[in-house]
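Coordinate inspection notes
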Amino acid sequence: MSESSVAGNGRPARESATEAVRSLLIRRAAEAELDTGDRAAIADLVERLVEEEAPLLALDERKRLIGEVLAGAVGLGPLEPLLSDPEIDEIMVNGHRSVYVEREGRIERTGIHFESEEALLHLIERILAPLGRRLDGSCPLVDARLEDGSRINCVIPPLSLSGPILTIRRFRRHGFSPDELVENGTMPDSLREFLKMCIVGCANIVISGGTGSGKTTTLNALSEYLPARERVVTVEDTAELKLRQPHVVRLESRPANHEGKGEVTIRTLVRNALRMRPDRIVVGEVRGGEALDMLQAMNTGHDGSLTTLHANSAADAIGRIETMALMADVDLPHSAIRRQVASAIDLVVHQSRDRDGLRRISAVSEVEQIEEGATMRDLYLARGNDRRWLRDPSPALAARIEQVGGSTSSITAADT
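Residues numbered from 1 in each chain as written. Predicted model: local features only at pLDDT ≥ 70, side-chain atom pairs only at ≥ 80, totals over all residues. Heavy atoms only, no water.

Comments concerning the overall build of the chain
If you tally the helices and strands in the chain, you get 15 helices and 15 strands. Look at the contacts in the chain between residues 6 or more apart in sequence, and 54% of them connect residues 24 or more apart. Within the structure as shown, the chain displays about 20,200 Å² of accessible surface, and the carbon and sulfur contribution to it stands at 47%. (Helix = DSSP H or I, 4+ residues; strand = E, 2+ residues; numbered from the N terminus. Contact = heavy atoms within 4.5 Å. Areas by Shrake-Rupley, 256 points an atom, 1.4 Å probe, with all protein chains shown as cover.)

Some points on helix H6 (residues 117-128)
Helix length check: H6, at twelve residues, gives a terminal C-alpha distance of 17 Å against a target of 16 Å (1.5 Å per residue), a fit within 8%. Among all positions of H6, only Leu120, Leu123, Ile124, Ile127 and Leu128 are buried. All buried residues of H6 lie within an arc of 130° about the axis, which places them on one face of the element. Set apart from the buried face of H6 by more than 90 degrees, the exposed residues are Glu118 and Glu125. Looking at the packing, one finds that the buried side of H6 touches strand E1 (88-94), strand E4 (141-145), strand E5 (151-155) and strand E6 (165-169). (Expected span 1.5 Å × (residues − 1). Buried < 20%, exposed > 50% of the residue type's maximum accessible area, 1.4 Å probe, protein only. Arc of directions from axis to C-beta.)

Concerning the sheet that holds E5
Backbone-to-backbone hydrogen bonds pair the strands of a sheet. The strands run either parallel or antiparallel. Here six strands make up an open sheet; going across it, the order is E3-E2-E1-E6-E5-E4 and the pairing antiparallel. This sheet does not close on itself; its edge strands, each paired only once, are strand E3 (106-109) and E4. This sheet shows a mean twist of 15° between the axes of neighbouring strands, independent of strand direction. In this structure, E1 lies alongside E6, joined through five bridges in antiparallel fashion. Paired with valine 93 across the strands is leucine 166, a residue of E6. (Pairing = 2+ DSSP bridges. Axes fitted to C-alpha atoms, helices over the stretch in contact; angles between N-to-C directions.)

Brief notes about the pairing of strand E15 (residues 386-389)
The pairing of strand E14 (residues 373-383) with E15 spans four bridges and is antiparallel. Looking at the pairing, leucine 381 lines up with arginine 388 of E15. From the end of E14 to the start of E15, which pair antiparallel, there are two residues, and glycine 384 there has a positive phi angle of about 65°.

With respect to empty space enclosed by the protein
Going through the model one piece at a time under the given rule, you end up with one cavity of 30 Å³ or more. Estimates place the volume of the largest cavity at around 50 Å³. Forming the walls of the largest cavity are Val206, Val286, Ala291, Met294, Leu295, Met298, Thr307, Leu309, Ile321 and Ile345. No other element matches helix H11 (residues 290-298), which puts four residues into the lining of the largest cavity. (1 Å grid on protein atoms, 1.4 Å probe; cavity = no way out; pocket = protein on both sides within 12 Å on 5 of 7 lines; lining within 4 Å. Points joined across faces, edges and corners; volume = space filled by probe spheres on them.)

Remarks on the nonpolar core
Counting residues in each nonpolar core, the largest one holds 33 residues, and the members touching the most others are Val235, Val283, Leu309, Ile345 and Val348. Broken down by secondary-structure element, the contributors of at least two residues to this core are strand E8 (232-236), helix H10 (266-273), strand E10 (280-283), H11, helix H12 (314-326) and helix H13 (334-344). With sequence-adjacent residues up to four places away left out, isoleucine 345 is seen in contact with Asn204, Val206, Leu295, Met298, Ile318, Ile321 and Val367. Leu191, Leu195, Ile361 and Tyr380 belong to the second largest nonpolar core, which has 31 residues in total. (Core = buried A, V, L, I, M, F, W, Y, C linked by side-chain atoms within 4.5 Å.)

Considering the pattern of salt bridges
A complete count under the given rule lists 25 salt bridges for this structure. For aspartate 279, the salt bridge is made with arginine 277, and the minimal N-O distance between the two is 2.8 Å. With relative accessibility at 23%, the residue aspartate 279 sits in the partly exposed group. Under the relative-accessibility criterion, arginine 277 is labelled exposed at 55%. Linking glutamate 322 and arginine 338 is a salt bridge whose minimum nitrogen-to-oxygen distance equals 3.7 Å. One end of the pair, glutamate 322, is in helix H12; the other, arginine 338, is in helix H13, and 16 residues separate them in sequence. Exposure remark for glutamate 322: the relative accessible area of 11% places this residue in the buried category. (Salt bridge = Lys/Arg side-chain N within 4 Å of Asp/Glu carboxyl O.)

What about the confidence of the model for the chain?
Per-chain confidence: the chain averages 85 in pLDDT, with 85% of residues scoring 70 or above. Mean pLDDT in the chain bottoms out at helix H1 (residues 3-6), which sits at 38, and peaks at strand E7 (residues 205-209), which reaches 97. Counting contacts from residues 1-11, a segment whose pLDDT is below 50, to residues more than four positions away or on other chains yields 18 contacts. (pLDDT = per-residue confidence, 0-100.)

Let's talk about the packing of H12 against H13
H13 packs onto H12 with a crossing angle of 130° between their chain directions and a minimal axis gap of 10 Å. In terms of axis orientation, H12 runs oblique to H13. Between H12 and H13 lies a crossing whose hand is right-handed. Every residue of H13 that contacts H12 at Ile318, Ile321, Glu322, Ala325 and Leu326 is listed here: His334, Ile337, Arg338 and Val341. For the contact of H12 with H13, the residue count by class is six nonpolar, one polar and two charged. (Parallel < 35°, antiparallel > 145°, perpendicular 65-115°, else oblique. Left-handed = near helix turned anticlockwise from the far one by under 90°. Nonpolar A, V, L, I, M, F, W, Y, C, P; charged D, E, K, R; others polar.)

With respect to the layout of surface pockets
Here the largest pocket is characterised by a volume of approximately 1,200 Å³. Taken together, 47 residues form the lining of the largest pocket, with Arg169, Gly212, Gly214, Thr217 and Arg359 sitting closest to its centre. Broken down by secondary-structure element, the contributors of at least two residues to the lining of the largest pocket are E1, E5, E6, helix H9 (215-222) and strand E11 (306-310). Of all the elements, H9 adds the most residues to the lining of the largest pocket, at five residues. Tallied by class, residues from the lining of the largest pocket come to eight nonpolar, 22 polar and 17 charged.

Section: the packing of aromatic side chains
The full count for this structure, using the stated rule, is two aromatic pairs. When the ring of phenylalanine 194 is compared with that of tryptophan 389, the centres are 5.2 Å apart and the planes differ by 75°; the resulting orientation is edge-to-face. On the criterion of sequence distance, the pair formed by phenylalanine 194 in helix H8 (residues 189-200) and tryptophan 389 in strand E15 is long-range, its members being 195 residues apart. For the pair phenylalanine 194 and tryptophan 389, one class covers both residues: buried. Each residue in the set Phe194, Tyr380 and Trp389 is aromatic and connected to the rest through ring pairs, giving one cluster. (Phe/Tyr/Trp six-rings, centres within 6.5 Å; stacked < 30°, edge-to-face > 60°.)

Right, here's the structure in full:
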């Protein structure tokens with residue numbers, strides 16, 4: 001096949017050659033039973049095919065063609081440069097013609113696109129194949145985790161009216177430290193010190209916020225303060241937490257297979273974690289009935305547990321926990337759930353994302369028990385550049401902090 005025939009349909013020569021080489025690569029790799037994980041062997045085959053199919057292309061065009069085909073064969077095709085950019089936190093593919101990224105909290109459109117809807121579907125299939133997941137008409141959406149920890153979500157027609165949709169939330173291999181969260185404006189140093197003392201003092205903490213507000217990032221950072229001598233069990237829907245302590249057991253839920261069997265829910269894992277002799281339980285996010293099991297864990301000797309949930313404010317977080325606990329299908333009156341919430345949770349740390357993309361802790365509220373259930377005492381608030389401590393914590397929480405050598409008066413009196 002000559003280069004003229006490859007480009008004979010009027011499209012640029014390199015674009016047509018890319019399709020021809022890709023088709024030949026798939027056929028020859030299958031004939032030779034080539035290991036798709038052997039990048040060196042595939043690279044050698046791609047170079048030979050390019051020499052055969054596009055000998056008249058300029059040298060720089062041929063190198064670019066080899067790179068494109070290789071990225072499509074063993075990498076993530078047009079998305080490779082985005083995944084190699086450390087400043088990009090999220091990649092959003094809205095059909096084959098539109099790719100957006102989130103950079104420093106702001107969404108922007110890129111000039112990247114796929115050659116066709118089939119090329120995008122092929123990429124999605126290659127991503128899911130090693131994970132043992134399927135995406136087709138009977139299962140048109142998938143939520144999964146890549147080998148590097150990044151989360152992916154895929155939706156295809158008929159659920160998506162915009163063609164195949166692929167969302168990749170990048171996983172930072174090393175995450176942020178608490179000091180880095182202070183440096184980037186997520187919280188002031190006085191708040192970092194206060195939360196450190198609360199965690200060391202075994203306070204039960206819920207981190208709330210909207211989608212993309214940085215809840216998991218903050219949870220990951222604060223987990224640095226969990227004592228190394230303790231046994232910690234983490235439970236997640238999609239594993240994102242990277243605790244650095246030596247005695248950590250990580251559990252991850254499992255969706256049902258294509259036959260609708262084999263599902264292991266977050267709730268099942270939380271209940272099982274209670275039988276694993278944990279000192280603390282860390283749940284990546286509570287979304288349903290597992291909230292009740294988490295409350296029971298906090299109320300039965302597993303002080304110092306941590307979790308996150310979606311909510312619009314600290315006060316809303318308490319209401320959401322009550323609602324999710326009622327989803328457990330346990331015949332408990334609402335008043336009993338409220339008392340469990342008030343007894344179990346010590347602090348709600350609310351995080352938000354500003355319009356300029358900055359993620360910050362906007363409120364820290366203490367949960368206190370009253371006869372009707374729980375009431376909230378705002379300890380810290382941040383609105384724009386105005387960040388201030390409103391009051392000292394209760395005597396009970398202050399006593400916990402003082403037991404580990406902290407002083408609430410020196411912390412809350414600090415200039416934020």
